[in-house]
Amino acid sequence: MAVLAKIRQRSALMIVVIALALFAFIAGDLFKKGNFGKSSKDVGSINGKDISFEEFRVKVSNVEKSQQGVTSTAASNRVWDQEVSIALLTSEFEKLGLRVGPKHIMEVLKSDQNIGKNPIFLNSAGVFDEAKFREYFKSNPEQAQYLKDREKDAELNAKYQIYATLIKAGTFTTDSEGKLKYEMEANKVNFAYVAGLYSTIKDSEVKVSDDEIVTFMKKNEKKYKADESRELKYVLIEDKASPEDQAEVKDKINGLLSGSVVYNATTKKNDTLPGFKAATNTVEFVNSNSDVPYDSTYVAKKDLPAADADKLYNLAPGEIYGPYVFGKYYCLSKSMGRKVGVNAKASHILISYEGAQVPNQKEKRTKEQAKAKAESILAQVNANPDSFMMLAFTNSDDQSAQQGGDLGYFGPNQMVKPFNDFVFSNPIGKIGLVETPFGFHIIKITDKQDGIRLATIAQKIEASEATSDKVFTEATKFEIDATEKDFDKAAAAMKLTIAAPVTVKVMDEAFGPLGNQRNIVRWAFESGTDLGAVKRFEVANLGHVIAKVTKVNKEGLMAVDMVRSYVEPILKNKKKAELIKAKMTGTSLEAIAKGTGAPVQQATGVTMENPVLTGGVGQEPKVVGNAFALAANQLSAPIEGNTGVYVVKNTSVVKAPVLKVHTAYVAKLKAQSAGDFNRVIPALKDLAKIKDNRKDFNY
């Protein structure tokens, strides 16, 4: 309505604007869809291999259908990552000449629960029967495409398993590496040193230019590689209720307390309608007058609105409280009575057994053994109830063991039936033993909460049409002023706050604190959106966002201002190092200490595994490594460390006893490298030529 009102106000001028806009829209559509637009039908490519948009679109659609609530962009990102991984891995499979046969493919298919455990394909003994599987698809040719797709996926999966096995088998740890690990942990060095710390030179004494930062990044291109991005600043003009709107809702809800007189067109007489206080059918009255339907649930005090909980909880049956504000609503609540024990709090000790539905058993035991152990613990708890927490911590197979078995508060039927029945049919303090599919539970009921049932009329506090029109006018005026004039000055003139800049990438959905605003991100990357472009967006349940593109960062090196806070200290320390080195003259630590104004310090028993210098210096692996490499009483050259420049003098190296085998240290290294296979795909991506055209297809 607000938009239509503004169009009427603009009259003839608006008609001309609309005509031009329609022409631009139609012409733009022709250029996009016709011969003048881009000819590419591919959503991207990996190492020169194109990804068809049509096939990509179908896959994205399938993800959206199968996963409720997933956005189009999130589905697109998921499918894109999958397509990239498959393309890169397939290329590797081809290079290695990997092949898989029908038996391997069938094994992979059987591992799919929808196939391997499907009753249709099981024999009388409940075992997968390949003959029945084949016969089913032979008898149901309409399912042939499903089987073809599954076999294609299974073939890829089978090759992946072989590939993973090859890589894992090719990574191993030698005894020599285990020996080095042992020596790094056990060998110790003692040395004296002088430290010229970077902090002794003020940052203001060394300058770093943008060119120096760019040169540094070019030497480390992979680390500072950046995707295309945009920086935007914006103003949010909220479409929210004005004080007048709030007062109107409050008056309206107050008016429901007492009766009202309404003209009856049928009887042609005035009818007196009862108010909330006198309503004979409270539930019907609530549903007729509230934006939120009647809820018959009994609510514990802790779950009531915090500011009004005491008064609401202590209402007598039939008594009314309000109006009060809860969230975005004005509310009136009438007590419909109280109920004892609507919530309960309990602790338990779970003793599970082989075959029980619990994943984290601490020890293997039979059902009989579990029952015997549970009965033994129950006896201990009955003898000393205060021991429950420690017994839970040391014996329970449930994650709640870390909290002494405490499960917190829960309502009826939230727990499995035997557990629920015991807790809600016994008083506080009762201890007992029950069996569930998870095992045997020693239960202690620790608290119960009473609840109150409230009939609540809630009317939303929202902007009126007049307020929304006023907000629309303000937002439109700012958009025009910000486009024609300076954005910051226009905001200052209208007393609007400019939010902190937001940097987005082409396939982002989130837009800073505003959350998912894909339309704003998409606009920022459109071909017609140039540096300085301004546009207004209507955001549901929020208001109007007027955004301006303030930076256009092309793909390549990261922008200087984005890395300055990280790179500048590195470069400043390098310059400080040269200044400190110039002072480190002399042939002894004492002479060097005098030149730098720093004391001679001692480091004792330092290892390469933990190369930490005391006195708040921290990790200095280069310094410690140099100390190990020096001969006894030998002085080093200046060493650029993490926190300063060091000159060290080796006092002694204490070597650890020689071990014949280093099995334990080899095992440590193997454990550290167990996840190395997960680095394969990221490594392949780093080396690949990947072109992403999704922004051209409005994802």
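Our subject is the structure listed above.
This text gives an overview of the structure that appears in the document.

Cut-offs used in this document
Residues numbered from 1 in each chain as written. Predicted model: local features only at pLDDT ≥ 70, side-chain atom pairs only at ≥ 80, totals over all residues. Heavy atoms only, no water. Pairing = 2+ DSSP bridges. Helix = DSSP H or I, 4+ residues; strand = E, 2+ residues; numbered from the N terminus. Axes fitted to C-alpha atoms, helices over the stretch in contact; angles between N-to-C directions. Contact = heavy atoms within 4.5 Å. Salt bridge = Lys/Arg side-chain N within 4 Å of Asp/Glu carboxyl O. Buried < 20%, exposed > 50% of the residue type's maximum accessible area, 1.4 Å probe, protein only. Expected span 1.5 Å × (residues − 1). Polar contact = N/O pair within 3.5 Å; in protein donor to acceptor, adjacent residues only side chain to side chain.

For the rest of this paragraph, the subject is the sheet that holds strand S2 (residues 49-52). On the basis of which strands lie adjacent, the open sheet formed by 3 strands has the order S2-S1-S23 and antiparallel pairing. Two strands lie at the open edges of the sheet, namely S2 and strand S23 (690-692), each paired on one side alone. Neighbour to neighbour, the strand axes of the sheet diverge by 20° on average, direction disregarded. Across 4 bridges, strand S1 (residues 42-46) lies against S2 in antiparallel orientation. Within S2, the position partnered with Ser-45 by the bridge is Asp-50. Packing of helix H2 (residues 53-66) onto the sheet brings it into contact with S1 and S2, and relative to S2 it is tilted by some 55°. Along the sheet, helix H3 (residues 72-96) makes contact with S1, S2 and S23, crossing S1 at roughly 40°.

Turning our eyes to something else, we now look at the environment of Val-563. On the secondary structure map, Val-563 appears in helix H19 (residues 560-583). When the C-alpha atoms of Val-563 and Glu-363 are compared, they prove to be 52 Å apart, with 200 residues separating the residues in sequence. When near neighbours in sequence (up to four residues on either side) are disregarded, Val-563 contacts Ile-213, Met-217, Tyr-224, Met-558 and Glu-568.

Opposite charge on two side chains permits pairing when their charged atoms draw close. A full pass over the atoms with the stated rule returns 33 salt bridges. Residue Arg-230 pairs with Glu-228 through a salt bridge whose shortest N-O separation is 2.9 Å. Pair check on accessibility: Arg-230 and Glu-228 agree, each one buried. For Asp-676, the salt bridge identified is with Arg-679, shortest N-O distance 3.1 Å.

Quick look at helix H16 (residues 465-484) now. Between the first and last C-alpha of H16 there are 28 Å, a value that for 20 residues agrees with the 28 Å anticipated at 1.5 Å per step. Taken residue by residue, H16 has Thr-467, Ser-468, Asp-469, Val-471, Phe-472, Ala-475, Thr-476, Phe-478, Glu-479, Asp-481 and Ala-482 as its buried positions.

When you line up the elements, Asn-395 lands in helix H14 (residues 388-395). A polar atom in the side chain of Asn-395 sits 2.9 Å from the side chain of Thr-394.

On to the sheet that holds strand S22 (residues 644-654), then. The strand order across the open sheet formed by 4 strands is S18-S3-S22-S21, and the pairing between neighbours is antiparallel. Unpaired on one side and paired on the other, strand S18 (600-606) and strand S21 (639-640) mark the two borders of the sheet. The sheet contact formed by strand S3 (residues 188-197) and S18 spans 5 bridges and is antiparallel. Opposite Val-189, over in S18, you have Val-606 as the bridge partner. Here helix H20 (residues 589-596) sits on the sheet in contact with S3, S18 and S22, set at roughly 25° to S3.

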